[in-house]
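So you can see what is in the structure, the chains are spelled out below.
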Amino acid sequence: MAAEKVKLLGFWISPFSRRVEWALKMKGVEYDYVEEDVYKSKSSLLLQLNPVYKKVPVLVHDGKAIAESLIILEYIDETWKQNPLLPEDPHQRALARFWAKFSHEVWEIAFNAMCSTGEEKQKLVEQCIEALEKMEEGLFKGKQILTGGEGSNIGYLELSVGWIAHWLPVIQDVGSMQILDPLRFPATVEWINWFLSHSLITDNLPPKDRMLVFLPQRREEVASTGLGWVKF
Amino acid sequence: MAEEVKLFGACGSPFSSRIQVALKLKGISYEYIEEDLTNKSPLLLKYNPIHKKIPVLLHNGKSIVESLVILEYIDETWKANPILPEDPYDRATARFWAKYIDEKCVAAAGKAFWAKEKEREKAVEEAWDCLKTLEGALKDKKFAGGETLGLVDIAANFIAFWLRSFQEIFGVELLTEEKFPDLFKWSEEYVEHPIIKEYLPSRDELIVFLNKRLQNLK
């Protein structure tokens, strides 16, 4: 497959565009990466390809655009059959989709907790911890992490919850929050270490020092607009 | 092979209705269990401990939750009358619009209906934006319509019936013939589809459902 047939519009710090890159690399699919500076100025290409949400990531394949990272992951899995991302069994697939969606809700809570202050922040931190506890018990502890199948041990679900491994610790720091306590989340932390032992992942992460500069700026922007809840 | 299929639902819920439509479409026999959402059964709490919500599909003892996840599960398990197309791009498109309906439209409509006086205007405009986008999708043939019901058609039950019913009950005009002629026309035809029609609540049932929701919110 020629590289120019696959293009990915992404943003360096976005965990959503990163997970698409991980998937493409896992499948050995070559692609052109286009960096979109989504907060400064969105390109006309992005607005044309994703008019509904105007967001990244957007995957372009054979001239067709696919948006929404989890939907892109399924598209990738259905288009390139090597190294399957989703298991074959329908119930296992349903579980993977369920936890991917749940993990996204946790992301939103964590990010918004980072941007808020005082009592509201406290409330959101507690919500975040509660949600993570459900993942600790229901997902990481029982090793229910479902892999794509033989030969591949990182799949759709791992790619979907992977933000926890790298982004959550930084969000915690920037928001001065205590969320991922190793004593409270031993299975989660064990999984994080396993996930980060893969060079395919660690070679493709946004640098923490850049994140630590960017996220506080983002938090200021969110606070100043007073728009409240940031939806992803 | 004896298949045990059970559906925990609630009369009046669009999400529950979606699953009944899909099961009927595929000709699957199942036991329906009506849940009182103000007094949830121990079984519901057992099979959906995280969200404690309906619908929950139980198939041979395994539970599946979240209506769109359940619809995909049904499609992958029972192959008659496919809900999703075969082509990966078409599948992605269907998933995109089903998600848009649930994450944007249902939320925007809810906001508009429940909004306090001073927030209402803005909430209504946001809901109109969603409907405008949906009308565009309809014109681009993103909803299958007609005889076959696809994922987006099934998910759009909220728009065609519930949204229109709620706007009457709440007195908040969202989907009008004047503003969205194509979407309006589509919704009129939609609710006459024999399978859809079978699983739409009556006005009285809808009011009971809304009252229970109100109770839960308090």
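By the naming in an unreviewed UniProt entry, chain B goes by glutathione transferase and is assigned to Rubroshorea leprosula. Entered under Catalytic activity (unreviewed entry) in the UniProt record, the comment concerning chain B runs "RX + glutathione = an S-substituted glutathione + a halide anion + H(+)". UniProt annotates chain B under Sequence similarities (unreviewed entry) with the comment "Belongs to the GST superfamily. Tau family."

The name an unreviewed UniProt entry gives chain A is Glutathione S-transferase, with Rubroshorea leprosula as the organism. Taken directly from UniProt, the Subcellular location (unreviewed entry) text for chain A runs: "Cytoplasm, Cytosol". UniProt annotates chain A under Sequence similarities (unreviewed entry) with the comment "Belongs to the GST superfamily. Tau family."

Student: What is the right way to look at the interface of chain B and chain A in this model?
Tutor: A common measure of how large an interface is: the accessible area buried when the components associate. Taken together, the contact pairs 24 residues of chain B with 23 residues of chain A. Summed over the three residues of chain B that lose the most area to chain A, namely B:Ile50, B:Tyr89 and B:Phe96, the buried surface amounts to 26% of that side. Residue B:Lys99 pairs with A:Glu68 through a salt bridge whose shortest N-O separation is 2.5 Å. Across the chain B-chain A interface, the total number found is 9 residue pairs in polar contact (both at pLDDT 80 or more). Counting residues per element, the ones that place at least two in the side of chain B that touches chain A are strand S4 (62–65), helix H3 (67–77) and helix H4 (88–114) of chain B. Per-element accounting of the side of chain B that touches chain A gives the leading share, 11 residues, to H4(B). Among the residues forming the side of chain B that touches chain A, the class breakdown is 11 nonpolar, 4 polar and 9 charged.

Scoring rules and cut-offs
Residues numbered from 1 in each chain as written. Chains lettered and ligands numbered in written order. Predicted model: local features only at pLDDT ≥ 70, side-chain atom pairs only at ≥ 80, totals over all residues. Heavy atoms only, no water. UniProt positions renumbered as here; feature names shortened; annotations may be inferred. Contact = heavy atoms within 4.5 Å. Buried area = accessible area lost by both parts, 1.4 Å probe. Salt bridge = Lys/Arg side-chain N within 4 Å of Asp/Glu carboxyl O. Polar contact = N/O pair within 3.5 Å; in protein donor to acceptor, adjacent residues only side chain to side chain. Helix = DSSP H or I, 4+ residues; strand = E, 2+ residues; numbered from the N terminus. Nonpolar A, V, L, I, M, F, W, Y, C, P; charged D, E, K, R; others polar.

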